[in-house]
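Residue strings, one per chain:
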Amino acid sequence: PRDGENKIKTMKGWLPASLSALEALYPAKLAEGWDNVGLLVDCLDSDEEIGAKGKILLTNDLTDKVLDEALTVHGAKLIVTYHPRPFGKFNKLTRNDTTQRIVLRCVRAGVAVYSPHTACDNAAIGVNDWLAEAFATDASQVKPIAPTKLLDFPGAGSGRIITLRQPLSLADAVAKTKKHLGLAHVRLSIAEAHLPGGASAGQVAEAMAVEGTVKTVGVQAGSGGSVLKGSGADLWLTGECGHHDVLAAAAEGVSVILTDHTNTERGFLQRMALQMSDKLTTLGHADVEIVISSRDADPLQVV
């Protein structure tokens, strides 16, 4: 078991129950080996210290302004941050470093921090399955690109590939992406086979309008190039991808939609809140309040 897992199992109260719910929904063993998931800041104190009725703040990234919100607006005692903070190791704790300062503030305030990250990506009810819903809500159309080798986790693994019942034009695929993610703009690389000449506005519009060019879609939340390579999909949907990976994909007949990193992840927090609420209810903690940060946002803006 990971550090603290046995401790959680033997404790009572809403906070240990919340951590058990997260582990049940997004098992840590599904995370990538390089990742840092689970309980990152341990403040598993008594109900007298953390309160008998709990409040949880969900965020994509734990920043100073999100922590301010947790402490001063909500009084949350558990922060679930999709991206781990802290992620790497450090040998000292000082206020000059942003991550170390946030950890110190959490400990001082008695706020626990948990991250599901790639365990949530890879879980069968997680981020990538939610992302795939832009194109299909029937699970039979969606398969992991790299299924987990672990037993007892059907449908789990890295990335998802969707086989469409009705092929799409690139214009329709872009529209579905924008609608699902609530975005006004995305970036699109069109496969060279569909855009053999120049890339004027008229040529791009013409290529996007061709019907039936997209039969399969590969999706991976965040930075997905390494997962999507070799997937065989006609179209990739991910947050960000290296320049040369995009060029290689275009040369191989693959179009790519990029949304910026966290725009493929943040929208899942609404689903996570519902999943956690349902799980906590089954654990006898229906009164735990779950809120989503209003200050968390993608750091990149289109201007």
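Presented here is a report on the structure given in the accompanying data block.

About the cut-offs
- Residues numbered from 1 in each chain as written.
- Predicted model: local features only at pLDDT ≥ 70, side-chain atom pairs only at ≥ 80, totals over all residues.
- Heavy atoms only, no water.
- Pairing = 2+ DSSP bridges.
- Helix = DSSP H or I, 4+ residues; strand = E, 2+ residues; numbered from the N terminus.
- Axes fitted to C-alpha atoms, helices over the stretch in contact; angles between N-to-C directions.
- Buried < 20%, exposed > 50% of the residue type's maximum accessible area, 1.4 Å probe, protein only.
- Arc of directions from axis to C-beta.
- Contact = heavy atoms within 4.5 Å.

Moving on: the sheet that holds strand S10 (residues 255-258). The strand order across the open sheet formed by six strands is S5-S6-S8-S9-S10-S7, and the pairing between neighbours is mixed. At either end of the open sheet lies a strand with only one pairing partner, and these are strand S5 (142-147) and strand S7 (187-189). Geometrically, the sheet is characterised by an average inter-axis angle of 25 degrees between neighbouring strands, direction not taken into account. With five bridges joining them, strand S8 (residues 214-223) and strand S9 (residues 235-240) adopt parallel strand pairing. Counterpart to Gln-220 in the pairing with S9 is Thr-238.

Moving on to helix H4 (residues 64-74). Along H4, the residues classified as buried are Val-66, Leu-67, Glu-69, Ala-70 and His-74. Projection of H4 onto a plane perpendicular to its axis shows the buried side chains occupying an angular sector of 155 degrees, all on one side. Looking at the buried positions of H4, the neighbouring elements they touch are strand S2 (55-59), strand S3 (78-81), helix H5 (98-109) and strand S11 (289-292). Downstream of H4 by a residue or two, Gly-75 has a phi angle that is positive, lying close to 65 degrees.

Before going further, it helps to examine unusual backbone geometry. Geometrically, the link from Arg-85 to Pro-86 is a cis peptide bond, its omega value of 10 degrees lying close to zero. In the Ramachandran plot, His-117 falls in the positive-phi region, its phi being about 30 degrees despite a non-glycine side chain. Despite not being glycine, Asp-260 shows a phi value in the positive range, around 80 degrees. Taking relative accessible area as the criterion, Asp-260 reaches 16% and is therefore assigned buried.

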